[in-house]
Structure formats: C-alpha cells, structure tokens
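Residues per chain are reported as follows:
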Amino acid sequence: MLEITEATAPETRTAIEIFHPVASGPWPILVLVPGGGWSSADLASTRPLARFAARSGYVVVHTSYALQAPAAFEDVGCAVRIARSRGATWGGDPDRVLLAGHSAGAHVSVLAALGADVAAGGDCPDGDSAPTPDGWLGIAGVYDMRLTAFFPAMYDFFGGSPQEVPDRWREGDPLTYLDRPPPASLSLIHGSADPVAFPGLSRIFAGQLAEAGIEVAITFVDDADHSDIIDPNRDGAAVIEALDDLAASL
C-alpha cells in the first residue's frame, strides 16, 4: 500500500476531496461518485474506498453532487474536467481518467461516460477540458429510469413525475444515449447478494448495452451486498481489480 496525502479542490459548488499517492506517478486518475438514493451524496459513504484506491495507485477526485437534475450530471462532468486539467499536479495521468459511481452515483455518473450533453453543462472552473472520462465503472447501480419511477426521491431529483416533466426524465435516462458509440470504455460490478439494488439491474443494463452494440464488461462478486462492495475490509478489492482492468484497457 502506498502512502497518500489529502487535499480539496476549490471553486466548485459541491465538495471535492483529493486523495493521491505521495510517490511519483503518473498514476491513473479516478473520479469517484458516492450513492445515497438520490436524496444524499455524502462523501462519507465512499471515503474509505477513495483512500483505498489512492493507496492502490490512483489519484482520486472524490466528488459530491447536487441532488437535482440536471445539476447533478453537470457536477460530475465538472469533476471529470477538474481531474483532466489538474490531475497532473497531483501526480496523475490526464490521459487515463476513470469515472466510477456507487448506487445512485452509478446512474448520475454514467451520463458523462455516455457522452450526454447534459454532463457538459453548468458553470465549471475548468470548463475548457472534456467532461467525458476514458473509462467508467458502475458499482451496484440502477440505470433504467423506468424502474425508478415509483421512488419518491426521484420526483424530487427530477422535479416532478415522468408525466409532469418528461423531458427531464428522458434527459436523465442512460437509455436515451444508447444510439451512439460511447466515448468511454464501460464496465459494471455488482454484489450477488445485494438486497438494495438487485444484481439483475446490472445484468439488465449490460443486456441493453449489448443490444445497442455497445461493449461492456460485467463482474458479479459472490455473496457481496450493497455496502460490502465498497468496503475495503470486505469486497472493495474487487472494485480496485475492476478499475485496474479498465485502466489497463485504455
């Protein structure tokens, strides 16, 4: 394990933490996005994984996001821009920027990986760099918005029901963007014993991607639940292994 140091990135409307190895790189850069059921984006949930990833050889840009569309997608796109433009100052390789999100963060982050214009919006201090990553990992996520239409938190996130604000739901649905090749390499990981976001949700999304002709790698971690998968003391090593495979493919 590497010794790491910590910092913050200023000038953004949401909190961003930086974790990076003290040893010289260049290291691949990971933008890490927490979950929270679309009603929280608390960095505490994925901070142990962020530190673990830094000790495993990543510069980690650990970002929160607004709890409403489209600002949430813009915030993730801005974090990718910051990673790309400033990553070298933390020892990172700006040509190897990975993006990963857990749970609701997987949904919020995948739009940037699919090249959705909504991720390029908003006011970002590093607006000249690209908001799209080179690779993306969805961790125990939900991707088909039709399956979330009965969640009360989604009405707040999108500002109304699918009937009331159909354009906002369509803009925030990953399936909207499967008619074109994504700019990022895509990968999925899910615990086989997840009772919160059932593992079938990743299997369904993988099938939808494949049907659209989009290649995706998928890994199921035996007996891991929704929290185990991001816990360095449980199954977090499987996430690092999936990230390593993704980085190696770039």
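Structure: above.
Treat the numbers as computed from the prediction; the structure is a model and nothing was measured.

Undergrad: Give me the nonpolar core: which residues, what numbers.
TA: Ranked by internal contacts, the top residues of the largest apolar core, which has 58 residues, are W136 and F157. Sorting elements by how many residues they give to this core places helix α2 (residues 71–86) first, with 8 residues. Counting residues in hydrophobic clusters, the runner-up holds 27 residues, among them F19, I139, A140 and L246.

Undergrad: Tell me about the state of the cysteines, residues and numbers included.
TA: Tallied over the entire structure, the rule returns 1 disulfide. Paired through a disulfide, C78 and C124 show a sulfur-sulfur distance of 2.2 Å. Between C78 and C124 the disulfide shows an S-S torsion of about 80 degrees. By sign, it is right-handed. Note that C78 is positioned in helix α2 and C124 in the loop between α3 (104–113) and β6 (135–139), a separation of 46 residues in sequence.

Undergrad: Any details on helix α1 (residues 47–55)? Residues and values, ideally.
TA: For α1, the full list of buried residues reads L49, A50, F52, A53 and A54. Those residues of α1 that are buried lie in contact with β1 (4–8), β2 (16–21), β3 (27–33), β4 (59–63) and α7 (236–248). Once α1 finishes, G57 follows within two positions and takes phi at roughly 105 degrees, a positive value.

What counts and how
- Residues numbered from 1 in each chain as written.
- Predicted model: local features only at pLDDT ≥ 70, side-chain atom pairs only at ≥ 80, totals over all residues.
- Heavy atoms only, no water.
- Core = buried A, V, L, I, M, F, W, Y, C linked by side-chain atoms within 4.5 Å.
- Buried < 20%, exposed > 50% of the residue type's maximum accessible area, 1.4 Å probe, protein only.
- Helix = DSSP H or I, 4+ residues; strand = E, 2+ residues; numbered from the N terminus.
- Disulfide = S-S within 2.5 Å.
- Contact = heavy atoms within 4.5 Å.

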